[in-house]
Amino acid sequence: AVIKFRDNGEGFAAESAEALFRAGHSLKGSTGLGLSFCRDTVARANGTIKASAADGGGAEFIIHLPIVQID
C-alpha cells in the first residue's frame, strides 16, 4: 500500500530530507521527535517513509507498507 500526503509549510532543502527523520532534528527549534517516531512506526510494519520538498513550498511524504494476507 502507498500513502502520500503533503503539507503547505515552509518546506526544506532537498539535501535535508533524510535528516528530518533523526530524533532531535528540527527546522524551527521544536523537539523534532514526530518524524522520527513516524519512521520507527513504519519500519516496525516493514515499510518505508520518504520526504521530498513539494513544488511551491511544503513537503510531500510517501509511505510504502507491505500488504500482508492473514489466513
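Computed from a predicted model, the values in this text were never measured in an experiment.

Turning to the sheet that holds strand S2 (residues 48–53), a few remarks are in order. Here 3 strands make up an open sheet; going across it, the order is S1-S3-S2 and the pairing antiparallel. The open sheet has two edge strands, strand S1 (2–7) and S2, and neither has a second partner. For this sheet the average axis-to-axis angle between neighbouring strands, irrespective of direction, equals 15 degrees. By the bridge criterion, 6 bridges tie S1 to strand S3 (residues 59–64) in an arrangement that is antiparallel. By the bridge assignment for S3, Ile3 is matched with Ile63.

Next up on the list: the packing of aromatic side chains. Aromatic rings in a pair are described by how distant their centres are and how their planes are angled relative to each other. Across all of its chains, the model carries 1 aromatic pair by this definition. Between Phe5 and Phe61 the ring centres are 5.3 Å apart and the planes differ by 20 degrees, which places this aromatic pair in the stacked class. Separated by 56 residues along the polypeptide, Phe5 in strand S1 and Phe61 in strand S3 bring together distant segments of the chain. What makes Phe61 buried here is its relative accessible area of 7%.

Take unusual backbone geometry next. Backbone phi values are negative for most residues with the exception of glycine, while trans is the configuration of most peptide bonds. Even without being a glycine, Asn46 presents a positive backbone phi close to 60 degrees. Here Asn46 shows up in the loop between helix H1 (34–44) and S2. Residue classification places Asn46 among the exposed residues on the basis of a relative accessible area of 64%.

Mapped onto the fold, Glu60 is located in strand S3. Among the polar contacts made by the side chain of Glu60, one reaches the side chain of Arg6 at a distance of 3.2 Å. If near-sequence neighbours (up to four positions away) are discounted, Glu60 is found in contact with Phe5, Arg6, Lys50, Ala51, Ser52 and Ala54.

Turning to the nonpolar core, a few remarks are in order. Of all hydrophobic cores here, the largest spans 10 residues; its members are Phe12, Ala17, Leu20, Phe21, Val42, Ile49, Ala51, Ala59, Phe61 and Ile63. Only S2 and S3 provide two or more residues apiece to this core. The residues contacting Ala59, other than those within four sequence positions of it, are Phe5, Arg6, Asp7, Phe12, Ser52 and Ala54.

Once that is clear, we can look at the environment of Cys38. Of note, Cys38 is situated in helix H1. On the accessibility criterion, Cys38 (32% relative accessible area) is partly exposed. For Cys38 and Thr48, which are 10 residues apart along the polypeptide, the C-alpha to C-alpha distance reads 9.8 Å.

Quick notes on the rules
Residues numbered from 1 in each chain as written. Predicted model: local features only at pLDDT ≥ 70, side-chain atom pairs only at ≥ 80, totals over all residues. Heavy atoms only, no water. Pairing = 2+ DSSP bridges. Helix = DSSP H or I, 4+ residues; strand = E, 2+ residues; numbered from the N terminus. Axes fitted to C-alpha atoms, helices over the stretch in contact; angles between N-to-C directions. Phe/Tyr/Trp six-rings, centres within 6.5 Å; stacked < 30°, edge-to-face > 60°. Buried < 20%, exposed > 50% of the residue type's maximum accessible area, 1.4 Å probe, protein only. Polar contact = N/O pair within 3.5 Å; in protein donor to acceptor, adjacent residues only side chain to side chain. Contact = heavy atoms within 4.5 Å. Core = buried A, V, L, I, M, F, W, Y, C linked by side-chain atoms within 4.5 Å.

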